[in-house]
Every structure is written in C-alpha cells, then in structure tokens.
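Topology and contacts: notes
Below are the chains, spelled out letter by letter.
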Amino acid sequence: MCCHLIPQLSSSSTAPRRSRSMVSFVPPREVETEVRAGQFVGPIQYRIWKHMKSCLYPNITAVTFDPDTAHPLLTVSPSRASMWYEEDKDVAGCPANPRRFHYYYCVFGQQSFSAGRHYWEVEVGRKTSWRLGVARDDVPRGEMAHSGTLSGIWTLALKSGTLVACTDPEPTGIVLSSHLLRIGVFLDCEQRELSFYNAGSMAPLYTFSLGTVAAPLVPFFNPCDSDDGRNTAPLAIFSPSL
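Residues numbered from 1 in each chain as written. Predicted model: local features only at pLDDT ≥ 70, side-chain atom pairs only at ≥ 80, totals over all residues. Heavy atoms only, no water.

As annotated in an unreviewed UniProt entry, the protein carries the name Si:ch73-54f23.4 and is attributed to Gadus morhua.

Below you can see the structure in the form of structure tokens.
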C-alpha cells in the first residue's frame, strides 16, 4: 500500500472535508523506433571519418605530375593526376626542356621534400609494368650507368608479374600475397626512410634506408612501355574524398 504518499486529513469533525487533488495522465506521443541508416549511419560515419582525417599524421600529401619533366612519349592529363605512355605520339611539338627526361619513360612529381613526413598513393590497376618511388631532383635526365639507389633513385618496380625493389647492384625480389592495385608511398625525411605499402590492406612491401641525401627528393614515376598493348593503362594519383 502507498498510503504514506497521500496527504492525511484531520480527524476533527469540524474541519471541512476537502476532495483529493485530481491528477490527469496524458500519455506520451508515439516515438518511431526504427533507425533509418540514411538518417544516422551516413552522417555519423562522415563525422567520425572527418575527425579521424584531421588527426591523421602524416596527412595525405597532394601530389601531381610535372609535365615539364615528362618524357616526350608520356602524356600528362590536364588535371596532372594521371599519366600514360603513347607509343605513336607526335613529339614534334614537344618543347625542349633541360628538366625533361629524354631516355627513360619517366616523370617527376611537382612537389619536392627536404623535411617532414609525406604519404601519397598511386593507382597501378592492372598494369603489367610500372616503376615508382622518389628520386633526387638533380638525377640525370639521360641514360644512367645505374638507374637505382646508386643514382639517387629509390623505387619499386613491377615487370612481367615480378615485384622488385630497385636496389644496386642487383634488384631485391619481393614476394606478393595478393595483386597490387594501389601503392602507398611513405617518405619520412626525419628517419631517412622510404616505405611502400599495399594501399588496399596497408601491408608493408619494402623499406629503403636513404642515408644522407644532399638534394631535395621528388616523387618519381615510370609507366613503362605499352608491352604490345597490355600495358596502356595510366598511372594515377589516388585522392581520397569525403
């Protein structure tokens, strides 16, 4: 019994009798309990990702191709985010430029790095051959006695299904557990290291120790030749979007 919750009336016979207060109960309106994914899940995922993105260190570096360094048979897209080899390209109108590669099918990125940490990703798709990494910005643009670490170029390369780190005097083979569609490149100037990742799984592929580098480092790319039509797809810079 809950009698102690009700005010008690006086037992005096002369006291007027008062009626108990009337309490009306208004039922609450119905609330929809179904959660709509479009209403909540999407915005929540967006907010979480946006917060995480702002906390990422290093941030993803905006890298673009530098057309002034591209071999004449390479074409750089207007956005400078993709680049490919054209075997039958008319190069008569290609302007002379001392910064341009004229022996190897190479192109630099427009950005250069001397300090800090930098990360970017390159889409290689189903290409049969490619080469990418970083290089000193003063490497020769013509033929080189060495085209690897001894010349100031630190890269991974795929050729005929085999992945190698382009070390000198001999390349170092890398065992793959899955096909590579996108490569993550992490340049740590403070630790003097260059690391490569399978960007799909973030599994590490190879790490170079750079040592002391007396020149700025730039992103380096080579889409390789067309391989009889099997390797015509471009190399493209991957830019994540929210």
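1. Thoughts on the packing of aromatic side chains
Rule in force here: Between the rings of Phe, Tyr and Trp (Trp by its six-membered ring), a pair exists once the centres lie within 6.5 Å; its type follows the angle of the planes, with under 30 degrees stacked, over 60 edge-to-face, and the other angles tilted. With a 1.4 Å probe rolled over the protein chains alone, any residue whose accessible area is under 20% of its type maximum counts as buried; one over 50% counts as exposed, and the rest are partly exposed. Helix and strand definitions follow DSSP, with helices as H or I runs of at least four residues and strands as E runs of at least two, each counted in order from the N terminus.
Applying the stated criterion across every chain, the model contains nine aromatic pairs. Between phenylalanine 101 and phenylalanine 108 the ring centres are 5.1 Å apart and the planes differ by 90 degrees, which places this aromatic pair in the edge-to-face class. Exposure class is identical for phenylalanine 101 and phenylalanine 108. Each is buried. Taking the centre distance of 6.1 Å and the plane angle of 75 degrees together, the rings of phenylalanine 196 and phenylalanine 208 count as edge-to-face. Residue phenylalanine 196 is located in strand E10 (residues 193–198), and its partner phenylalanine 208 is located in strand E11 (residues 203–209); the two are separated by twelve residues in the primary sequence.

2. Description of a negative patch on the surface
For clarity, the threshold we go by: Any residue with relative accessible area above 30% and no salt bridge may belong to a patch, with like charges joined within 9 Å and the nonpolar Val, Leu, Ile, Met, Phe, Trp and Tyr side chains within 5 Å. Residue-level accessible areas treat just the shown protein chains as cover; the underlying method is Shrake-Rupley with a 1.4 Å probe. The rule for a salt bridge is simple: a side-chain nitrogen of Lys or Arg has to be within 4 Å of a carboxyl oxygen of Asp or Glu. Positive charges come from Lys and Arg alone, negative charges from Asp and Glu alone, with His and the N- and C-terminal ends not counted. A charged residue contributes its charge at one atom only: NZ of Lys, CZ of Arg, CG of Asp or CD of Glu.
Together, Glu86, Glu87, Asp88 and Asp225 line one region of the surface with negative charge. Within the secondary structure layout, glutamate 87 lies in the loop between strand E2 (82–85) and strand E3 (107–108). Taking the relative accessible area as the measure of exposure, glutamate 87 reaches 52% and is therefore exposed.

3. Observations regarding the environment of isoleucine 60
Inclusion rule: Contacts were defined at the residue level, with two residues in contact if any of their heavy atoms lie within 4.5 Å.
Inspection of the secondary structure assignment puts isoleucine 60 in the loop between helix H1 (37–55) and strand E1 (74–76). Judged by its relative accessible area of 39%, isoleucine 60 falls in the partly exposed class. Considered as a pair, isoleucine 60 and tyrosine 119 are 59 residues apart in the sequence and their alpha carbons are 5.2 Å apart. Residues contacting isoleucine 60, with those up to four places away along its chain left out, are Tyr119 and Pro240.

4. Description of unusual backbone geometry
Of note, the amide linkage connecting aspartate 168 to proline 169 takes the cis form, showing an omega dihedral of 10 degrees. Tracing the chain through its elements places proline 169 in the loop between strand E7 (162–165) and strand E8 (172–174). Notably, arginine 192 is not glycine yet its phi reads approximately 55 degrees, a positive angle. Relative to the elements of secondary structure, arginine 192 occurs in the loop between strand E9 (182–188) and E10. With relative accessibility at 44%, the residue arginine 192 sits in the partly exposed group. Of note in the backbone geometry, aspartate 228 takes a positive phi value of approximately 55 degrees without being a glycine. With respect to the secondary-structure elements, aspartate 228 resides in the loop between strand E12 (217–222) and strand E13 (235–238).

5. Re the sheet that holds E8
The test is simple: By this definition, two strands are paired if DSSP reports at least two bridges between them.
Overall, antiparallel pairing links the six strands, which are arranged E3-E12-E5-E6-E7-E8 in an open sheet. Whereas interior strands pair on both sides, the edge strands pair on one side only; in this sheet they are E3 and E8. Both strand E5 (residues 129–136) and strand E6 (residues 153–159) contribute to a ladder of seven bridges, which runs antiparallel. The residue of E6 that forms the bridge with arginine 131 is alanine 157.

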